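Residue-level listing of the chains:
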Amino acid sequence: MMTDPIADMLTRIRNAVRVEHPHVEMPTSKVKRGLADVLKREGYIWDWVETDDHPVKQIRLELKYGPSGERVIQHIKRVSKPGRRIYSKSTDLRPILNGMGISVISTSTGVISDREARQKKVGGEVLCEVW
């Protein structure tokens, strides 16, 4: 049994980007679909699809690289952990690397980026930081 599936997802992405794989697969969940959607909207991945493999459904992320092979995802880090949850109000959310990166926030309206959270004036649990 996996105790932190979001950390597992981030580690799979980090490992796949490090060895320049074109895609990465992992078991799916609602939060993982939301996180993948945020990464797509913010331009860190090309696309994601959910496949109906047995015994569990899989989510497949198509990773994005620059024109000469440089990594789009330089750093991806888990902030809130199962042992220590980190919550933040919309007024306390600060831009990551002066706006060059994002924080992914789990709110009552779904999983969104810190930019969207500030715009909608909603806070929540800070899942991870990406740049």
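Residues numbered from 1 in each chain as written. Predicted model: local features only at pLDDT ≥ 70, side-chain atom pairs only at ≥ 80, totals over all residues. Heavy atoms only, no water.

For the chain, an unreviewed UniProt entry supplies the name Small ribosomal subunit protein uS8 and the organism Blastopirellula marina. Quoted verbatim from the Function (unreviewed entry) field of UniProt, the annotation for the chain is "One of the primary rRNA binding proteins, it binds directly to 16S rRNA central domain where it helps coordinate assembly of the platform of the 30S subunit." (UniProt positions renumbered as here; feature names shortened; annotations may be inferred.)

Let us now look at the overall build of the chain. Summing up its helical and strand segments, the chain has three helices and eight strands in all. Mapped in sequence order, the helices and strands of the chain form the string α-β-α-β-β-β-β-β-β-α-β. Computed over its C-alpha atoms, the radius of gyration of the chain comes to 14 Å, within 12% of the 14 Å expected for a compact globule of 131 residues. The principal-axis extent of the C-alpha atoms belonging to the chain is close to 40 × 40 × 25 Å. Taking all 131 residues of the chain together, the buried fraction comes to 40%. Contacts spanning at least 24 positions in sequence make up 62% of the contacts within the chain whose residues lie at least 6 apart. Carbon and sulfur atoms provide 52% of the accessible area of the chain, an area that totals close to 7600 Å². (Helix = DSSP H or I, 4+ residues; strand = E, 2+ residues; numbered from the N terminus. Rg over C-alpha atoms; globule rule 2.2 N^0.38 Å. Buried < 20%, exposed > 50% of the residue type's maximum accessible area, 1.4 Å probe, protein only. Contact = heavy atoms within 4.5 Å. Areas by Shrake-Rupley, 256 points an atom, 1.4 Å probe, with all protein chains shown as cover.)

With that out of the way, let us pick up the packing of aromatic side chains. Within the structure shown, the criterion is met by zero aromatic pairs. We note Lys-64 situated over the ring of Trp-46; from NZ or CZ to the ring centre the distance is 4.7 Å. (Phe/Tyr/Trp six-rings, centres within 6.5 Å; stacked < 30°, edge-to-face > 60°. Lys NZ or Arg CZ within 6 Å of the ring centre and 35° of its normal.)

So, on to the pairing of strand S6 (residues 102-107). Burial of S6 is extensive: five of the six residues sit out of reach of the surface. Where S6 meets strand S8 (residues 124-130), five bridges bridge the pair, whose relative direction is antiparallel. By the bridge assignment, Ser-103 is partnered in S8 with Glu-129. Note: S6 against strand S7 (residues 110-113), four bridges, orientation antiparallel. Looking across to S7, one finds that Thr-107 is bridged to Gly-110. Between the antiparallel neighbours S6 and S7 lie two residues. (Pairing = 2+ DSSP bridges.)

What follows deals with the sheet that holds strand S3 (residues 58-63). Read from one edge of the open sheet, three strands run S1-S3-S2, paired in antiparallel fashion. Two strands close off the open sheet at either side, each with one partner strand: strand S1 (23-27) and strand S2 (45-51). Strand-to-strand twist in this sheet, taken as the mean axis angle between neighbours without regard to direction, amounts to 20 degrees. Here five bridges tie S1 to S3, and the two strands are oriented antiparallel to one another. Its bridge partner being in S3, Val-24 is matched across the sheet by Leu-61. Contacting S1 and S3, helix H1 (residues 5-18) crosses the sheet at an angle of about 160 degrees to S1. (Axes fitted to C-alpha atoms, helices over the stretch in contact; angles between N-to-C directions.)

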